[in-house]
Amino acid sequence: MIPRVTATIDLAALQHNLGVVRRLAPRSRVMAAVKANGYGHGAIPVARALEAAGVDALAVACLEEAVELRRAHIHCPVALLEGVISEEEAAQAVYQRLQVVVHDHWQIELLQRLGRDAQVGIWFKIDSGMHRLGFPLTDVPRLLDVLRAQPGWTLHGWITHLASADEPDNGFTREQVARFGAALSGVPGPRSIGNSAGIIGWPEARADWVRPGLMIYGASPMPGQTGADLGLKPVMRLESRLIAVRDFEAGETIGYAQSWTCPERTRIGVAAVGYADGIHRTFRSGTAAMVGGRRVAYAGRVSMDMITLDLRQALDAQVGDPVLLWGEELPAEEIAAQAGTIPYELFCGLTQRVHFRYR
Ligand SMILES: *Cc1c(COP(=O)(O)O)cnc(C)c1O
């Protein structure tokens, strides 16, 4: 059986990208984000490949994601970026030897309920300006008191998250780094600041630990730049196939709501991929795809199971030919920009119907 839609995942490229992170941040340890099913690439194979390449730690959003890794016998350090939300989760996190990010007082209380001698590995998350999660900068002395009162707790470090690191001209990143540094002045423990954009754009954000996500998968978060510009290799290649190729006269309209009109006699291809696979309906006419090595454009609305393509640049295309949605020759960053979104969402948005193949 030939799958309709295939995501080919290049694990050697993933390992290469970890090497790029190491070259950019040679003095930092690397905690790679594999949350959201490894950014849609498959958490377990991704985590295994990163572990084999010597990653220092992995990061997931929540306990379920961490348990999935442990069940697959991934034993390297795993951090829970949002921490725990109940006492049961706190106990599970300790049992699974997870590093728990603690971002609020109620989480401290949950962990304290495990008893004074419970062995808990924690990161304290400090809000240096993102204003999503984290303790206020002025809470640092109080957090040190908490630590002193919990002899079983091991502090892995202090985390903060950058709001605008993907904007090279935005001075707020430097402001956040400065606030974080000042709040922790003289305080022991490793620091972790940069996500991919921080690592790429801001040397001062590299600190003791970096937390790359997107760049590990070969894409750049910086606008107008692709991963290839940084020496990264795309890990995902998403392909479908043509299941119909037909010609229509000038003036005929294509698909739902007749949103695209043939400007002349036009060859239209139908590819077997739609929003039920993760090609969002916001992909407008004009979005690029590739057939036979040539760029073609979406023509008309994305349907649940199909897209329609203007094949005037690929007139020899035939039923059965592969259609590249994104991959090395067609960067996901570019497609995301055309679709008014970010590559993160393209990767995470793939659905169960997509067939995954690992190389
Ligand atoms: C997801 C996440 C990261 C990784 O971000 P990228 O932009 O994908 O590099 C880093 N830190 C935290 C707290 C995150 O939630």
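Bear in mind that the values here come from a model prediction, so they are computed numbers and not experimental data. Residue positions are given per chain, counted from 1 along the sequence in the order it is written. At least 70 in pLDDT is required for a residue's local features to be given in this predicted model, at least 80 for side-chain atom pairs to be given and counted, and no such filter applies to totals for whole chains, interfaces and linings, which use all residues. For side-chain calculations, the full set of non-hydrogen atoms in the structure is used, while hydrogens and water are omitted.

## Brief notes about helix α6 (residues 105–112)
Each full turn of the α-helix corresponds to 3.6 residues, which orients residues three or four apart in the same direction. To be explicit about the condition: We call a residue buried when its accessible area falls under 20% of the maximum for its residue type, exposed when it is over 50%, and partly exposed in between, using a 1.4 Å probe and counting protein chains only. Numbering of helices and strands runs from the N terminus, with a helix taken as a DSSP run of H or I at least four residues long and a strand as a DSSP run of E at least two residues long. As used here, the arc belongs to the directions running from the helix axis to the C-beta atoms. We call two residues in contact when some of their heavy atoms are within 4.5 Å.
Those residues of α6 that sit buried are Q107, I108, L110 and L111. For α6, the arc enclosing every buried residue in end-on projection is 160°, short of the 170-degree limit, so these residues lie on one face. Contacts from the buried residues of α6 go to α5 (87–95), β5 (99–102), β6 (120–127), β7 (135–136), α7 (140–148) and β8 (153–159).

## With respect to the pairing of strand β1 (residues 6–9)
We apply this condition: Think of it this way: DSSP has to see at least two bridges between two strands before they count as a pair.
Along β1, one buried face is formed by T6 and T8 and the opposite face, lined by A7 and I9, is buried too. As paired elements, β1 and strand β19 (residues 355–358) share four bridges and run parallel to each other. Residue pairing across strands places T8 opposite R357, the latter belonging to β19. Two elements, β1 and strand β11 (residues 236–248), share four bridges in a ladder whose sense is antiparallel. The residue of β11 that forms the bridge with I9 is M236.

## A short note on the packing of helix α4 (residues 63–71) against α5
We count it as follows: In this description, a line fitted to the C-alpha atoms serves as the axis of each element, helices being fitted only across the stretch in contact, and the angle between N-to-C directions of two axes falls anywhere from 0 to 180 degrees. For classification purposes, angles smaller than 35 degrees are called roughly parallel, those larger than 145 roughly antiparallel, those between 65 and 115 roughly perpendicular, and all remaining angles oblique. Each crossing gets its handedness from the near helix: less than a right angle anticlockwise from the far helix is left-handed, clockwise is right-handed.
At a minimum axis separation of 11 Å, α4 and α5 run at an interaxial angle of 30°. Comparing the axis directions of α4 and α5 gives the class roughly parallel. Seen from above, α4 lies across α5 with left-handed handedness. Seen from α4, the contacting residues are L63, E64 and V67; seen from α5, they are E89, Q92 and A93.

## Here we look at the domain arrangement of the protein
To keep things clear, this is the line we draw: Domain delimitation in this document rests on an assignment produced automatically or drawn from a domain database. Accessible area that two parts lose when put together, evaluated with a 1.4 Å probe and summed over both, is termed the buried area. Each salt bridge in this description consists of a side-chain nitrogen of Lys or Arg and a carboxyl oxygen of Asp or Glu lying within 4 Å of one another.
Each assigned domain of the protein is listed with its residue range as follows: domain 1 (11–218) and domain 2 (236–358). At the junction of the two partners, domain 1 supplies nine residues and domain 2 supplies eight residues. Taken over both partners, the interface formed by domain 1 and domain 2 buries close to 820 Å², and the fraction arising from carbon and sulfur atoms is 70%. By the criterion of area lost to domain 2, the three top residues of domain 1 are Y39, H41 and L214, representing 55% of everything that side buries. Summed over the shared surface of domain 1 and domain 2, the number is zero salt bridges.

## Remarks on the packing of helix α1 (residues 11–24) against helix α3 (residues 43–52)
We apply this condition: Residue classes follow a fixed rule: Ala, Val, Leu, Ile, Met, Phe, Trp, Tyr, Cys and Pro count as nonpolar, while Asp, Glu, Lys and Arg count as charged, and any other residue, Gly among them, counts as polar.
Packing of α1 against α3 leaves a shortest axis separation of 9 Å and a crossing angle of 50°. With respect to their mutual orientation, α1 and α3 come out oblique. Between α1 and α3 lies a crossing whose hand is right-handed. Residue-level contacts link L11, L14, Q15 and L18 of α1 to P45, V46, A49, L50 and A52 of α3. For the contact of α1 with α3, the class distribution of residues is eight nonpolar, one polar and no charged.

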